[in-house]
Amino acid sequence: MQSVADEKHDTASINRSPVIDARRLVKRFGGITAVAGISLVLQQGEMIGLIGPNGAGKTTLFNLIAGSLKPSSGEIWISGREVSQERPELRIARGVGRTFQIPRPFAEMTVLENVLTGAQEQDGERLFANFFNPGRVAGQERAAIDKARSLLSFVTLSGLENEPARVLSGGQRKLLELARILMADPAAILLDEPAAGVNPALLETIMERVLELHAQGKSILLIEHNMDMISRLCSRVMAMASGRHLAEGTPDEVATNPAVIEAYLGGAA
Ligand SMILES: Nc1ncnc2c1ncn2[C@@H]1O[C@H](COP(=O)(O)OP(=O)(O)OP(=O)(O)O)[C@@H](O)[C@H]1O
Ligand SMILES: [Mg+2]
């Protein structure tokens, strides 16, 4: 079988393809249509905000793109390749990293060990499986430890690397997740509510780190209810409600769109 690494180099045209191209995605859970025909294109280097009231289908859309759910219909393309039926590990290897709305680190493992769980080999296998096998700490794995340390420094958690993850605050857990997914060098990063439940000081750190990743050329999809964060980080926003596409444009355009206002008021009623 051709490896993901080989495929990444197989044509120049792939490099011009959007990093993520979701086409008419539908996801049904029994009688609920959580995602009802969403198309979304994330170009290289773009940062797009995704907003919508609770239950709009935002996280389900992430699950479809990241592969933890299979679509009822529609297609997902990553860097010019259709991946709709591929498992999540392969999508990570193809360059899609996602954080979870509610981070669940391995509580009794150290912060450093948690970051190491994000290490991938090119074929999508987890490097981590070999970490605690005595005598098998090869050069590749030592390189992974160095990389995990540098990512912990990037997310300002170096001082906590030997602490169990259970001591981390909500905001620190979000930063830990970011470091974990960066282990696989994702081209596209999907962030599911990175600001939710985070104290203001740490929120600033999270925003800075996301901006820095964007400046490094990462393509980013950002789910957030915090419109201030969306306005500061994103030039383009998509709004959805009840699984459907509602509006798209600049943060100001979308925030003042009557259909978007109506959806939020309807949700609050
Ligand atoms: N595994 C599942 N089984 C059944 N229904 C689900 C499942 N996951 C999500 N849903 C339903 O799909 C709809 C969309 O949920 P989703 O979590 O995608 O919304 P969201 O936009 O992320 O909301 P929030 O802002 O609250 O996180 C909701 O009605 C939810 O109850
Ligand atoms: Mg959600």
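Our subject is the structure listed above.
Small disclaimer: the values here were computed from a predicted structure and weren't measured.

Let us look at helix α7 (residues 170-182). Every α-helix winds through 3.6 residues per turn, so residues three or four apart in the chain are directed the same way. For α7, built from 13 residues, the straight-helix expectation of 18 Å at 1.5 Å per residue is met to within 8% by its first-to-last C-alpha distance of 19 Å. Taken as a whole, α7 has its buried residues at Gly171, Lys174, Leu175, Leu176, Glu177, Leu178, Ala179, Ile181 and Leu182.

Attention now goes to the nonpolar core. As a rule of thumb, nonpolar side chains are buried together in soluble globular proteins. Residues Val155, Met183, Met229 and Leu233 are the most contacted members of the largest nonpolar core, which totals 45 residues. Each of domain 1 (4-105 + 185-268) and domain 2 (110-167) gives at least three residues to this core. Leucine 233 has contacts with Met47, Met207, Val210, Leu211 and Leu222, leaving out every residue within four places of it along the chain.

Looking at the magnesium ion (ligand 2), one finds its protein donor set to be Thr59 (OG1) and Gln101 (OE1), positioned 2.0 to 2.2 Å from the metal centre. With threonine 59 in helix α3 (residues 58-66) and glutamine 101 in the loop between β6 (96-98) and α5 (111-116), this residue pair connects regions lying 42 residues apart in the sequence.

Let us now look at the site of ligand 1. Around ligand 1, a shell composed of 13 residues is seen, among which Gly55, Lys58, Thr59, Thr60 and Gln101 lie nearest. For ligand 1, an oxygen atom lies 2.8 Å from a polar atom in the backbone of glycine 55. Contact with the protein chains removes 63% of the 630 Å² of surface that ligand 1 exposes when unbound. Element by element, the count of residues in the shell around ligand 1 is highest for α3, at three residues. Taken together, the residues of the shell around ligand 1 sort by class into four nonpolar, seven polar and two charged.

One can find threonine 60 in helix α3. Discounting chain neighbours no more than four positions away, the residues touching threonine 60 are Lys27, Phe29, Ala34, Val35 and Leu69.

With that settled, the discussion passes to the packing of aromatic side chains. Counted by the stated rule, this structure contains zero aromatic pairs. Above the face of the phenylalanine 100 ring, arginine 98 is positioned so that its terminal group lies 4.1 Å from the ring centre. The ring of phenylalanine 154 has arginine 209 sitting right over it, with the charged end atom 4.7 Å from the ring centre.

The rules we used
- Each chain carries its own residue numbering, running from 1 in the written order of its sequence.
- For naming, the first written chain is A and the first written ligand is 1, with later ones following in the order written.
- Under the rules for a predicted model, residues below a pLDDT of 70 receive no local features and side-chain atom pairs below 80 are neither given nor counted, while totals for whole chains, interfaces and linings still include all residues.
- Hydrogens are left out, water is left out, and the side-chain values use all remaining heavy atoms of the structure.
- Each helix corresponds to a stretch of at least 4 residues labelled H or I by DSSP, and each strand to a stretch of at least 2 residues labelled E; elements are numbered beginning at the N terminus.
- Take the residue count of a helix, subtract one, and multiply by 1.5 Å to get its expected span.
- Burial classes: relative accessible area under 20% of the type maximum marks a residue as buried, over 50% as exposed, and values in between as partly exposed (1.4 Å probe, protein chains only).
- Grouping buried Ala, Val, Leu, Ile, Met, Phe, Trp, Tyr and Cys residues that are joined through side-chain atoms within 4.5 Å yields what is termed a nonpolar core.
- Where each domain begins and ends is defined by an automated method or by a domain database.
- Here a residue-residue contact requires only that any non-hydrogen atoms of the pair lie within 4.5 Å.
- Metal coordination here is assigned from N, O and S atoms located within 2.8 Å of the ion, or within 3.2 Å for Na, K and Ca; omission of water means that sites may look incomplete.
- Any residue with at least one heavy atom within 4 Å of a molecule or strand is counted as near it.
- Identification of polar contacts relies on pairs of N or O atoms within 3.5 Å, with a donor-acceptor requirement for protein atoms, meaning one able to donate a hydrogen and the other able to accept it, and with residues adjacent in sequence counted only if both atoms are side-chain atoms.
- Each accessible area value is a Shrake-Rupley result obtained with a 1.4 Å probe; residue values ignore everything except the protein chains displayed when judging cover.
- Note on residue classes: Ala, Val, Leu, Ile, Met, Phe, Trp, Tyr, Cys and Pro are nonpolar, Asp, Glu, Lys and Arg are charged, and everything else, Gly too, is polar.
- Pairing of aromatic rings covers Phe, Tyr and the six-membered ring of Trp, with a centre-to-centre limit of 6.5 Å; geometry is then stacked below 30 degrees between planes, edge-to-face above 60, and tilted otherwise.
- Counting as a charge over the ring demands two things of the Lys NZ or Arg CZ atom: a distance within 6 Å of the ring centre and an angle within 35 degrees of the ring normal.

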